[in-house]
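Each chain, letter by letter, is given below.
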Amino acid sequence: MSFYTFMGSVEQGLVYAVMVLGVYLTFRVLDFPDLTVDGTLPLGAAVTGSLMLQGWDPFTSLGMAMLAGALAGCVTGFLATKLRIMSLLASIITMTALYSINIRIMGRPNLALLNQTTIFDALAVPAIPRFLLTPLIFLAVAGGCKLVLDLFLHTHLGLALRGTGDNPQMIRSQGVSTDNMILIGVSLSNALVALAGGLVAQSQGFADVGMGIGTIVAGLASVILGESLVGKESVLRQTLSAIVGSLVYRFAIVVALSYQVGFLRLTPSDLNLITAVLVVVCLTIPMLRKRMRWKRA
Amino acid sequence: MLQITNLRKVFNEGSINEMVAIRSINCLVEKGDFITVIGSNGAGKSTLLNLVAGTFTPNEGDIFISGERVTHWPEHRRAAYIGRVFQNPLSGTCATMTIEENFALAGNRGKKPGLRWGVTRRDHKAFQEKIRLLGLGLEYRLKDRVGLLSGGQRQSLTLLMATLQRPRILLLDEHTAALDPPTAAQVLKLTQELIQEMGLTSIMVTHNMRHALELGNRLVMMHGGKIILDVAGEEKRRLTVQDLLNEFAKLKGDAVADDKMLLI
Ligand SMILES: Nc1ncnc2c1ncn2[C@@H]1O[C@H](COP(=O)(O)OP(=O)(O)OP(=O)(O)O)[C@@H](O)[C@H]1O
Ligand SMILES: [Mg+2]
């Protein structure tokens, strides 16, 4: 692997870490499997891209992307809590609707952001080459999101949110509406995912309605990988594991794509297949380990 | 304090699984009452507590707390008035959160959770003092996850949490049933002390007739979704286990012999 491909995977790992933090929030903290993210990632890209093309500055565009993501999360939360639609189904419904909405926002299935001033241009420092600047900015964003999330999850609201995923009956008996917690949590999660989408669009110079496919699976794979490497004993560790998991996952993908399996050469379109296999492996390793221990005992 | 009028709860109404859990209950709980509730399996005891707490809404009838009609209040809104300990020792706490975080949740019961810091240094000290009273050594483990603790330890914590903010009504549903006898005795003693010291209005469901007789100032016996015996004060003090057994015999004839009730 060349240095540039390595830096590329670091860059990808860091920007998608923001998305993984969002997935961690729903999947682990709230225990609410949320597939909306497959639609919110391109939503973030679409909103950022469209606004930039209309002359908005790149930072405000990202803020609006987060707002749009939060709104999408709100819809899923509303379907699941107020209309009592099963969480998985509720998120699939929103995701499906977002496909059309994203095309509406962009006016077509994809946008090119050539010659637009991105946050990377705005933050450019002459001394730092671009291939270092981008990952550094992504590191700052992912680290910042982790920090804010760490703090948030230790406030009263954060405690109630964590309790909602752990023991909803107990949380209700402590006077907290679990419905409201789900609404807040899913919105926050999708705001993060949309932010990731906006950042990806700015760094790659385009937004595409199909760029969200497989987001949830990649997110899950990263969360699970991270947990098995970093552990999940505390909130601080869990958020760190999301970032580490994202890095390891993107790295594994690059490695996998650079190998030739027999006569078959893997291409980027095989990514989703690799991810799916990876998730199955990650999910079954704890079970296999337990069985091994059984046999030895 | 708590008034229940013409309460009726039917599960799966209109289907073949229809189950009338609460037939018709009228009950006035005075301030400071400590009621023990007994009754055979399926008598409707847990359902009654769930109706009071708002976990279920009744099909008919009303519930008033301090004169306020709370019949249709959602559970989380009613929680401002109610402290609860469940039968399952795992139900009352969040396993993945630390002892102090669980206490912070309980300390905030009934208030909107905001963006204030969850456990301040002052909270930590205050929780430590409370937990020290348990004498279980848990005051040094406030940063441990609750999932690491035993059922008895968790149930003791749940009890403290339920009374951390003075509740208008304390609901206990067989809260010692899942514990081994020495631990159960300890938790029961703590229950009695807390209720006495704070003068709490409490309802405690139990299958142990001795406990039902020894604790509290009022005893209620339920059967088939109805209250069939309600004695208080001097009359309750004179009641014996034999009296209760006779009541049960009247209801069921010989079936009493294999009833779980016979935990004396
Ligand atoms: N959620 C529910 N759905 C359907 N039926 C229920 C439900 N909860 C309770 N029931 C039924 O209502 C009746 C009363 O149940 P309840 O749990 O109140 O009894 P209990 O007096 O607490 O009994 P136990 O001593 O076994 O705890 C039972 O026949 C039970 O099967
Ligand atoms: Mg019961």
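Scroll up to find the structure.
Reading guide: rules and limits
- Residues numbered from 1 in each chain as written.
- Chains lettered and ligands numbered in written order.
- Predicted model: local features only at pLDDT ≥ 70, side-chain atom pairs only at ≥ 80, totals over all residues.
- Heavy atoms only, no water.
- Helix = DSSP H or I, 4+ residues; strand = E, 2+ residues; numbered from the N terminus.
- Rg over C-alpha atoms; globule rule 2.2 N^0.38 Å.
- Buried < 20%, exposed > 50% of the residue type's maximum accessible area, 1.4 Å probe, protein only.
- Contact = heavy atoms within 4.5 Å.
- Areas by Shrake-Rupley, 256 points an atom, 1.4 Å probe, with all protein chains shown as cover.
- Disulfide = S-S within 2.5 Å.
- Near = heavy atom within 4 Å.
- Polar contact = N/O pair within 3.5 Å; in protein donor to acceptor, adjacent residues only side chain to side chain.
- Nonpolar A, V, L, I, M, F, W, Y, C, P; charged D, E, K, R; others polar.
- 1 Å grid on protein atoms, 1.4 Å probe; cavity = no way out; pocket = protein on both sides within 12 Å on 5 of 7 lines; lining within 4 Å.
- Points joined across faces, edges and corners; volume = space filled by probe spheres on them.

Caption draft 1: Structural view of the overall build of chain A. If you tally the helices and strands in chain A, you get 12 helices and four strands. For chain A, whose C-alpha radius of gyration is 19 Å, the value lies close to the compact-globule estimate of 19 Å for 297 residues. Along the first, second and third principal axes, the C-alpha set of chain A runs to 55 × 50 × 35 Å. Counting only residues that meet the buried cut, chain A has 52% of its 297 residues in that class. Sequence separation of at least 24 residues holds for 76% of the intrachain contacts in chain A that already meet a minimum separation of 6. A total of about 13500 Å² of accessible surface is found on chain A, and carbon and sulfur atoms cover 69% of it.

Caption draft 2: Fine view of the environment of A:Cys74. Residue and element names in this part refer to chain A. The topology assignment puts Cys74 in helix 3 (residues 58-81). With relative accessibility at 34%, the residue Cys74 sits in the partly exposed group. On a C-alpha basis, the gap between Cys74 and Met106 in space is 22 Å, while along the polypeptide they are 32 residues apart.

Caption draft 3: Representation of the state of the cysteines within the structure. Residues and elements named next belong to chain A. All chains considered together, the criterion is met by zero disulfides over all chains. Cys145 carries a free sulfur, and the closest cysteine sulfur to it, the one in Cys74, is 19 Å from it. Given a relative accessible area of 14%, Cys145 falls into the buried group.

Caption draft 4: Up close: the site of ligand 1. Residue and element names in this part refer to chain B. The full set close to ligand 1 counts 13 residues, and Asn41, Lys45, Ser46, Thr47 and His207 are the nearest of them. At 2.5 Å, a side-chain N or O of Thr47 approaches an oxygen atom of ligand 1. Separating an oxygen atom of ligand 1 from a side-chain N or O atom of Glu174 is a distance of 3.3 Å. Relative to its unbound accessible area of 630 Å², ligand 1 is 66% covered by the protein chains. The leading source of residues in the shell around ligand 1 is helix 1 (residues 45-53), at three residues. Considered class by class, the residues forming the shell around ligand 1 number four nonpolar, seven polar and two charged.

Caption draft 5: Here's a closer look at empty space enclosed by the protein. Counted under the stated rule, the structure contains three cavities of 30 Å³ or more. If you add up the space inside the largest cavity, you get close to 100 Å³. Every residue lining the largest cavity is counted, 14 residues in all, and those nearest its centre are B:Cys27, B:Ile35, B:Val37, B:Leu48 and B:Ile203. Looking at the lining of the largest cavity, the elements that each hand over two or more residues are strand 2 (19-29), strand 3 (34-39), helix 1, strand 8 (201-205) and strand 9 (218-223) of chain B. In terms of residue count, helix 1 of chain B provides more of the lining of the largest cavity than any other element does, four residues in total. Taken together, the residues of the lining of the largest cavity sort by class into 13 nonpolar, no polar and one charged. Considered as a void within the structure, the second largest cavity measures approximately 60 Å³ in volume. Lining the second largest cavity are A:Met170, A:Ser173, A:Gln174, B:Ile82, B:Gly83, B:Arg84, B:Phe86, B:Gly92, B:Arg109, B:Thr158, B:Met161 and B:Ala162. Those elements giving two or more residues to the lining of the second largest cavity turn out to be helix 8 (168-173) of chain A together with strand 6 (82-85) and helix 5 (151-164) of chain B.

The values reported here are purely geometric and, on their own, carry no functional implication.
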